[in-house]
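One letter stands for each residue in the lines below.
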Amino acid sequence: MRTLWLALAAVVVISFAVLGWIGTRIYQEAPPIPERVITTDGKEVFGPGQIQRGQNVWQAMGGMEVGSVWGHGSYVAPDWTADWLHREAVFVLNEWARQEGAAEYEQLPGERQAALRGRLEQLYRTNTYDAATRVLRIEPVRARAIESCVEYYSRIFMQGNEAYAIPAGAVRDRERMRDLAAFFFWTSWAAAANRPGQEISYTHNWPHEPLVGNRPTGESVMWTGVSIIMLLAGICAMVWWYAASRREAEPLHPPASDPLESWQATPSQRATLKYFWAVALLFLLQILTGVLTAHYGVEGHGFYGIPLAQWLPYAVTRTWHIQLGLFWIATAWLGAGLFIGPLISGAEPKLQKVGVNLLFAALLVVVAGSLGGQWLSIMNKLDDATSFYWGHQGYEYIDLGRGWQILLFAGLLIWLLLVIRAARPALRQPGEQRSLLWVFLASAAAIGLFYGAGLNWGRHSHLSLVEYWRWWVVHLWVEGFFEVFATTVIAFFFARLGLMQAGLAARVALLSATIYLAGGIIGTCHHLYFSGTPTAALAFGAVFSALEVVPLTMVAFSAVDDIRRGRVAPWAARYRWPIYFFAAVAFWNMVGAGLFGFMINPPIALYFMQGLNTTPVHGHAALFGVYGMLGIGLMLVCLRALLPRAQWPEKWLKFSFWTMNIGLLAMCVGSLLPVGLLQTWAAVNHGYWYARSAEFLDTPLMDTLRWLRVPGDTVFALGAVVLAVFVFAVTVRGRRPGAAGA
């Protein structure tokens, strides 16, 4: 066991050292933000602070929930970086064409078109930023192109655009609109201008835009090859290691009866029941906002003729859809952690129930306050500064205002304290279970502490640095330490039931954590390929994101073992459906995180696929398929232990389990995946801007494919509704008189 702990410590220390070094490189080599943008004849285009103010305007109106920047964000509106860059380039080409006597660029002979493209490429790729004066000088023709883009975007954000699901008044005054335009211009300038002394742009030539010479770099192709080789090598090594280390399973002698059947729930455990009621309600609300969000993709200003966007525009519903998903999954995990504490120690600290109830009240305040603040921000009820702190930060998954974010972090720390104080007596008890307990507490501490990485940026922080820290939360916190916590909790569950030896459970949890984090920590960089980061981020991200997939190819063994353990004793049938949900975690880990994740992870794939509908294929399958399924499984285990004599309508759970899994699969492969693959074709052949444009997405084929989400979504929603009804029916009907304290 000591060797496993040392291996885990070594992986964590070395990996964070590398990730920290990459962070310093990003800080040193991020695209510069000009203080002024002026023309070569002295005319000021954008003044001091205008780009930073524009970033704040973008954040306040929903940021990444209204289109995307550098490929990160939502999918109905365009990527503003790619769209601005293309429109600016076309304007310049058309003006040059008119100087040669043609009405527009497309009417020129091919030879003249090629000459103008070469001239345009030189204009855009030449870096004219002066670091000493912090002034960017541009040609007058580009300034005229900028003014054309400003007018175009003013119509979109001030008058509204149904194809992009942007309502009228998203930005309400021209000063803020020009600030927003300055920010969009800067992101497109960084995407085309070469880094000093190099032949690649600040974003590694992303997005694909042939007009200005934005094509995949040699590094993107090379490191993709290395990534695939590392994946194959890792899988081979894992298979050989597994074959060499596998032994005949030791005879399992399960208890004669359910160890939890006679468990008397403590007051704090009974108090966790309200957490699971909240899980059911938040889950239903997330599905409702998801229905509205998906529908906005085909009817941007309403819902079957109802002008819903006047009160709940797309930016609001998508923000809420993501936040509610995080909230209900986190609530399920928090409730399970609080419930498990007394199970571990067999005792309850004083005032534990008070702490559980206060934490729940605090969570309600954070959920309601943050959702309300996001609505106020998007609806222009808050100024930009207030919006950052109490409204909308504008960064996907970290949308809640900074004040609510701090309160949520404080809540996680309180949760960690409650879990530790409940489990601490067990640390004094000898035996192999101590190692498993330490793994559990370490993973719980990681969940509580690493959310704090999201506090490392401010209102005016550089976008590249925000992305670095944001992915610490989204990837490290969710995809990394949630993964470790999931493995540990499942192992603890089987050990507590006597279906797995505690020592073996501890070794499995430690080994899994080491393998997951060996690729997962540095693999964070695969989200940062094209976010104004240096080549080091691309190289390390490509290699280690491939290693993340390696253990996921073997999760079928753990899923089969889990199901087998659920059949070794007659009483274990009581946990059939929680175990099935745990098995679903393994399946979606392999498919959603592994298969669909690696589909978009290699640099050359992500170069064309970033921000297309291939991304939500991975997002839905991994976030709900892995962490949502685990949250449901943990909730069901806790409810079974809380109400051991309650009669469960097993057919309800069977219906819910299969409909949610089938619906999720149908949603992904029946609609999102084909839409994403066709967008990839468009990005390769025509440029990234076209793949995200209304011209392409509103074609009959694409419209039909988006409507094909309805069958899968409907099946999924039916399963979720039945699950929620099950939770309320079983807990209300099955509560004992002693449960009144909940």
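Everything below is about the structure shown above.
Residues numbered from 1 in each chain as written. Predicted model: local features only at pLDDT ≥ 70, side-chain atom pairs only at ≥ 80, totals over all residues. Heavy atoms only, no water.

Observations concerning the environment of D561
Stage number 1. Relative to the helices and strands, D561 is located in helix α18 (residues 555-565).
Stage number 2. C-alpha separation for the pair D561 and A583, spaced 22 residues apart in sequence, amounts to 9.1 Å. (Helix = DSSP H or I, 4+ residues; strand = E, 2+ residues; numbered from the N terminus.)

A few points about the packing of helix α10 (residues 314-345) against helix α11 (residues 352-378)
Stage number 1. Between α10 and α11, the shortest axis-to-axis distance is 10 Å and the interhelical angle comes to 170 degrees. When the interaxial angle is binned, α10 and α11 end up roughly antiparallel. Here A315, V316, T319, W320, Q323, L324, F327, L334 and L338 of α10 come into contact with α11, specifically with V356, L359, L363, V367, S370, L371, Q374, W375 and I378.
Stage number 2. Residues belonging to the contact of α10 with α11 are distributed by class as follows: 14 nonpolar, 4 polar and no charged. (Axes fitted to C-alpha atoms, helices over the stretch in contact; angles between N-to-C directions. Parallel < 35°, antiparallel > 145°, perpendicular 65-115°, else oblique. Contact = heavy atoms within 4.5 Å. Nonpolar A, V, L, I, M, F, W, Y, C, P; charged D, E, K, R; others polar.)

Quick look at unusual backbone geometry
Stage number 1. In this structure, the amide linkage connecting W206 to the following residue, P207, adopts the cis form with an omega of 5 degrees.
Stage number 2. Tracing the sequence through the fold places P207 in the loop between α6 (174-192) and α7 (218-245).
Stage number 3. With phi around 55 degrees, A165 is a residue other than glycine that occupies positive phi space.
Stage number 4. Relative to the helices and strands, A165 is located in the loop between α5 (140-159) and α6.

Things to note about the sheet that holds strand β6 (residues 135-138)
Stage number 1. Across the sheet, which stays open at both edges, the 4 strands sit in the order β2-β1-β6-β5 with mixed pairing between neighbours. Both outer strands of the open sheet, β2 (44-46) and β5 (129-130), are each paired with one neighbouring strand and no more.
Stage number 2. Bridge analysis of strand β1 (residues 36-39) against β2 gives 2 bridges, and the strand direction is antiparallel. The partner of V37 across the bridge, within β2, is F46.
Stage number 3. Most of the contacts of α6 go to β2, to which it runs at about 90 degrees, and overall it touches β1, β2, β5 and β6. (Pairing = 2+ DSSP bridges.)

Digging into the side chain of S345
Stage number 1. Note that S345 resides in helix α10.
Stage number 2. On the accessibility criterion, S345 (11% relative accessible area) is buried.
Stage number 3. A distance of 3.1 Å separates a polar atom in the side chain of S345 from the backbone oxygen of A347.
Stage number 4. With near-sequence residues (within four places) excluded, S345 lies in contact with A422, A423, P425, A426 and Q429. (Buried < 20%, exposed > 50% of the residue type's maximum accessible area, 1.4 Å probe, protein only. Polar contact = N/O pair within 3.5 Å; in protein donor to acceptor, adjacent residues only side chain to side chain.)

A few points about the environment of L292
Stage number 1. For L292, the location among the structural elements is in helix α9 (residues 273-296).
Stage number 2. Note on L292: relative accessible area 12%, which makes it buried.
Stage number 3. A C-alpha to C-alpha distance of 9.2 Å links L292 and H321, two positions 29 residues apart in sequence.
Stage number 4. Those residues in contact with L292, other than ones at most four positions away along the chain, are F303, L308 and T317.

Section: the packing of aromatic side chains
Stage number 1. Using the criterion set out here, one finds 59 aromatic pairs in the structure.
Stage number 2. Between Y296 and Y314, the aromatic rings sit 6.3 Å apart at their centres with planes inclined by 80 degrees, giving edge-to-face as the arrangement. Of the two residues, Y296 sits in helix α9 while Y314 sits in helix α10, which places them 18 residues apart along the sequence.
Stage number 3. Relative to W404, the ring of W390 has its centre 5.1 Å away and its plane inclined at 80 degrees; by these criteria the two rings are edge-to-face. Placement of W390 in helix α12 (residues 384-390) and of W404 in helix α13 (residues 402-427) is noted, with a sequence separation of 14 residues between them.
Stage number 4. Here W404 falls in the buried class, since its relative accessible area comes to 15%.
Stage number 5. Seen from the ring of W96, R119 lies directly overhead, with NZ or CZ sitting 3.8 Å from the centre.
Stage number 6. The ring of W648 carries the charged tip of R640 above its face, separated from the ring centre by 4.0 Å. (Phe/Tyr/Trp six-rings, centres within 6.5 Å; stacked < 30°, edge-to-face > 60°. Lys NZ or Arg CZ within 6 Å of the ring centre and 35° of its normal.)

Things to note about the pattern of salt bridges
Stage number 1. Summed over the entire model, instances satisfying the criterion amount to 17 salt bridges.
Stage number 2. Here E44 ties to R36 by a salt bridge, and the two come within 2.9 Å at their closest N and O atoms.
Stage number 3. Judged by relative accessible area, which is 40%, E44 ranks as partly exposed.
Stage number 4. Residue R53 is joined to D179 by a salt bridge in which the shortest nitrogen-to-oxygen separation is 3.4 Å. On the criterion of sequence distance, the pair formed by R53 in helix α2 (residues 50-60) and D179 in helix α6 is long-range, its members being 126 residues apart. (Salt bridge = Lys/Arg side-chain N within 4 Å of Asp/Glu carboxyl O.)

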